[in-house]
Amino acid sequence: MTPRLWAGGALIVLLVALIGFVAVAVPWHRAPAPRADQLAALGQFPADQVARSRAFHAELRPLSYAGMLLGLLIALALGLTPLGARLVELAGRPFGDHWLARAVLGGLAVVFVAELLTLPLAIWRHTVVVRYGISTQTWGSWAVDLLKSFGVGAVLGGVVLAAFFTVTHFAPRWWWAFGAAGAAGLVVLLSFVLPVVVEPIFNRFTPMADGPLRSELLALAERDGVPVKDVLVADASRRTRAVNAYVSGLGPTRRIVVYDTMLTEATPGEVVSVTAHELGHAKDNDVLTGTIMGALGSAVAVIVLYLLGSWTGLLRLAGVESIAEPRAIGLLLAVTTVAGLVAGPAQSFVSRRVEARADSHALELTGDPATFEAMQRRLGTVNLADPDPPSWEHAMFASHPSTVQRMAAARAWAQGAR
Ligand SMILES: [Zn+2]
């Protein structure tokens, strides 16, 4: 059997595993909250506040779409013309055209050019979120964040590029197998280390101060049967007025993080409600589920890239001989950008189902739908979320159910529990 046949076989096996896993792990069956309850929830928001959040999103919307379109056009220009290959050659020239220099420096150059060209939109976006009082960052602190994320991206990207092209260089026929295993392994590794290695670069995390709230949260976790060593508070207020909480990490690095803004903006009862939602993610192992989907998905992506490599028309457009050579990095960017845009709505759909499950968990655990609803109203109000966004936009991009859907779900739960 040839490597191509093996790759085809491996692709089918991985796709079956991915589809099977998604089918089993995603909580598909959640009756949507009645629309009448959603509209009643919407009625709880003052009209001027809804208008203000809609005006905010109306200003952000063209920037988001322009960003997506521009990102796509840049990736296509770098990947489906010889521009990307030319850029990689240029980056490797001072190093005698060595393949490793082309891989790492060329790869970073391609990504950096794409980032740089979309930077004006990011700057514009910052002016909007500052004007609406969501961001509290000065331009200096915003720029430091940007440089930090470039730094993190360069280190991580450099390692990935070096590893990937070392494999394609030394195993030109079987790189897809090592690449697929490596990509899956990397996703798992990142889930473990991101909260302890990368997140602290951007925020300081401190254990929640001793007091009645901390005791209540730890008791809640205990009652839920979810071992939590600590609840961490992130110094989000140095950047934003928005309130949030999340769970990240796996096993020993698993943590529940609450924004410090949450502690100043929300009532203790609302913090309990948010934490109960996060405990739902922990209890249902949602981080692990996401990691497994990500690992299978990235292994699939590597094999698809390998198989696309025999499409000579595509290679000719990019001006390269093989998809596995560093000069093809622009082509890789184009393919992954298109794949990301196509996969986005499916990922959002899965995410909304998982979030709805965490919401029901919070309701079950606290038995307090009124506070849950108040917490959702607070989140929506402080974060200037559109409580009832346009439905197609919600379907395409939203990672969470809308504010009115979540409030209505709490009402439905209350009626069911009564
Ligand atoms: Zn959540």
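Residues numbered from 1 in each chain as written. Predicted model: local features only at pLDDT ≥ 70, side-chain atom pairs only at ≥ 80, totals over all residues. Heavy atoms only, no water.

The name given to the protein in an unreviewed UniProt entry is STE24 endopeptidase, and the organism recorded there is Actinoplanes campanulatus.

A. Local environment of the coordination of the zinc ion. Here the zinc ion is held by the protein donor atoms H277 (NE2), H281 (NE2) and E355 (OE), which lie 2.0 to 2.1 Å from it. Sequence spacing among the residues donating to the zinc ion works out to H-x3-H-x73-E. With H281 in helix 10 (residues 268–283) and E355 in helix 13 (residues 329–366), this pair connects stretches of sequence that are 74 residues apart. Accessibility expressed as a relative area gives 8% for H281, which makes it buried. The class for E355 is buried, based on a relative accessible area of 10%. (Donors = N, O, S within 2.8 Å, 3.2 Å for Na, K, Ca; no water. Helix = DSSP H or I, 4+ residues; strand = E, 2+ residues; numbered from the N terminus. Buried < 20%, exposed > 50% of the residue type's maximum accessible area, 1.4 Å probe, protein only.)

B. Summary view of the nonpolar core. Of all hydrophobic cores here, the largest spans 43 residues; its most connected members are F165, W175, I303, I323 and L331. When residues no more than four places from it in sequence are discounted, the contact partners of W175 are F164, V167, T168, V302, L305, Y306, I323 and A324. Residues L213, L217, V271 and A282 belong to the second largest nonpolar core, which totals 31 residues. (Core = buried A, V, L, I, M, F, W, Y, C linked by side-chain atoms within 4.5 Å. Contact = heavy atoms within 4.5 Å.)

C. View of the UniProt feature "active site" (unreviewed entry) in the protein. In the numbering used here, UniProt assigns the "active site" (unreviewed entry) feature to E278 and D359. Taken along the chain, the residues just named run across 82 residues; in space they keep tight, none of their C-alpha pairs more than 8.8 Å apart. Ignoring any residue separated from it by four or fewer positions in sequence, one finds E278 in contact with A245, Y246, V247 and I256. With respect to the element layout, D359 can be found in helix 13. Not counting the four nearest positions on each side in its chain, D359 is found in contact with H277, F372, Q376 and R406. A polar atom in the side chain of D359 sits 2.7 Å from the side chain of H277. (UniProt positions renumbered as here; feature names shortened; annotations may be inferred. Polar contact = N/O pair within 3.5 Å; in protein donor to acceptor, adjacent residues only side chain to side chain.)

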